[in-house]
Amino acid sequence: MSKILILAEHDGDTLNPGTAKAVSCAQAITAHGGGDVDILVLGDGIDGVAAQASALQGVNAVLATNAPHLAAPLAANHGPELAAAADGYSHVLAPSSTYGKDVLPHAAALMGVNALSDIMAVDGERAFKRPVYAGNAIVDVSVPEGAVIAGTTRSASWSAAGEGGSGAVQDRAAACEAAAHTRYVGLEGAGGDRPDLQTAPVVVSGGRALGSAENFDLIYGLADKLGAAVGASRAAVDAGYVPNDMQVGQTGKIISPELYLAFGISGAIQHLTGIKDAGTIVAVNKDADAPIFEVADIGLVGDLFTVIPEFEQQLS
Amino acid sequence: MKILVGIKRAVDYNVRVRVKSDGSGVETDGVKMSVNPFDEIALEEALRLKEAGKADEVIVVSIGPGDVQQQLRTGLAMGADRAIQVEAGDTLQPLTVAQVFKALAEREGAGIVFLGKQAIDDDSNQVGQMTAALWGRPQATFASKVSLNGETATVTREVDAGLETIEIDLPAVITSDLRLNEPRFVKLPDIMKAKRKPLDVIALDELGGVVGVAPEAGHHAPPEPRGRGIMVDDTAALVAELKNRGLV
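Model, not experiment: these values are computed from the prediction.

Trainee: Tell me about the interface of chain A and chain B, and please be specific about residues and values.
Mentor: Tallying the contact residues gives 83 residues for chain A and 74 residues for chain B. Regarding the contact of chain A and chain B, the summed buried area is about 6,400 Å², with carbon and sulfur atoms giving 55% of it. Per-residue buried area on chain A facing chain B is highest for Asn 114, Tyr 133 and His 181 of chain A; these three make up 12% of the total on that side. Inspection of the region where chain A meets chain B yields 4 salt bridges. Between Asp 169 of chain B and Arg 183 of chain A there is a salt bridge, and its shortest N-O distance comes to 2.7 Å. Across the side of chain A that touches chain B, the residue classes break down as 45 nonpolar, 22 polar and 16 charged. In the sheet, strand β11 (residues 182-189) of chain A pairs with strand β9 (residues 162-169) of chain B via 7 bridges, with the strands oriented antiparallel. Each residue of the ladder has a partner; that of Leu 187 of chain A, found in β9 of chain B, is Glu 164 of chain B.

What follows is the structure in structure tokens.
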């Protein structure tokens, strides 16, 4: 029997889909020997988020902890709070986003346990698979009896748990004081009206072949037509065409959209690492020998500056 | 102020990693080993802080068998003042590594423990966070900009939603992201000079030994390859194929 606590990720108003994906991972654990899945929501004024969490299928209870010092997602406050809430649980999970990666290992250390990063498959209550060496090897890991299992769940490997659940929302008082040594200053969002790159079902990406920041408007235009998020290769980011947070790849974001369209991206290993869980990969590149064609489901050798306008025209 | 920089010996980032045929791990025989790239960035930032007069001493630390001294010498050649090898077997869990950094930070009275955000071998991304937790000090992970203002530091962090800025009191743990800086190249005279810089060896047990129950790593497998795709001749065929599959 497992008793699993998941740390919810949210922006104060909306639950991040990484949480629902972590619930799927938790259900894969309770499928071996049964158990309960609870969600911990930390923040200030997070009743709406708690309600969204309780609607996820398979959730037993939602623990909602409201406190002013929990409003910002600081590991200095969220880490100790997660460690305190974890008492009595066999597993503690968080999505492997920058938030989950920041907070979960902090909490694990306070609990005196090691942690597993990027759980991508479950083989048993205490047995998992995770990627190492940028996904070039998949390793089986098992945690011996006697230790709480703490881990982050690799969002690209799990589908989101559905809605229609009816978990009970419980108010949980904060157990820890505010940490005085760390202060939140602010967030400069990439934002805009486009969907979030990490979770969008369709992503349009551009590479160095775009040639300039202005030419990237072609990519934005097509993305807006498709209702897609926009990504970029590291080469395009390094060339200054787009900001850092749009980078897809080993050192950027690892994504798994249903449809990934790569324009003018050659397909360096570090980029392919970020997209290999995509449903369908479409590649358009002038160079017929570009490595991106080795992983593409549909490839077209052509100039993106003619293909993109034609593509838009034929869509409408 | 002293800055402690963690240096991990890892398979060079240009090496195409292969899983051993018996699944016991990845091939490391005859494979080029280097300083983990994120650690190199952490060291570069520490050296720049020293050169700007904001730090007095930069100490590089590596944990492992004698081989790690090669990477420590690289760190000394880049400009670190001295090195510490913590002698240990080569597979330590992040919690034990964090315990070591905490103990060394206290022993040295470090103002900053500067680490890479993750090592490119096990991709754990845990040690900085765990060190901060055990030490009871602030953590600023995924740093893309660091400015020191006396007893505090302002750090810009690369998070999924954009760029987050936090202010932390020192001492603290900072972990570097890719875009914090571009590390310098080592020059030959510096390699010669590095041979004369001090390198101390400390036993793991002296710093608290192994802590926590270790997860057991078993079989390694290569990732499943994607199936072969198709090539289309023009945009019309591409759009038709996507419509066919119900994707647009």
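Trainee: Can you break down the packing of aromatic side chains residue by residue, with the values?
Mentor: Inspection of the entire model under this criterion finds 1 aromatic pair over all chains. The ring of Tyr 89 of chain A carries Lys 3 of chain A above its face, with NZ or CZ at 4.2 Å from the centroid.

Trainee: Got a sec to walk through the confidence of the model for chain B? Specific residues and values, please.
Mentor: A residue-level look at chain B finds 100% of positions with pLDDT of 70 or above and a mean pLDDT of 95. For this predicted complex, the interface confidence comes out at an ipTM of 0.94, alongside a pTM of 0.91.

Criteria and thresholds
- Residues numbered from 1 in each chain as written.
- Chains lettered and ligands numbered in written order.
- Predicted model: local features only at pLDDT ≥ 70, side-chain atom pairs only at ≥ 80, totals over all residues.
- Heavy atoms only, no water.
- Contact = heavy atoms within 4.5 Å.
- Buried area = accessible area lost by both parts, 1.4 Å probe.
- Salt bridge = Lys/Arg side-chain N within 4 Å of Asp/Glu carboxyl O.
- Nonpolar A, V, L, I, M, F, W, Y, C, P; charged D, E, K, R; others polar.
- Pairing = 2+ DSSP bridges.
- Helix = DSSP H or I, 4+ residues; strand = E, 2+ residues; numbered from the N terminus.
- Phe/Tyr/Trp six-rings, centres within 6.5 Å; stacked < 30°, edge-to-face > 60°.
- Lys NZ or Arg CZ within 6 Å of the ring centre and 35° of its normal.
- pLDDT = per-residue confidence, 0-100.

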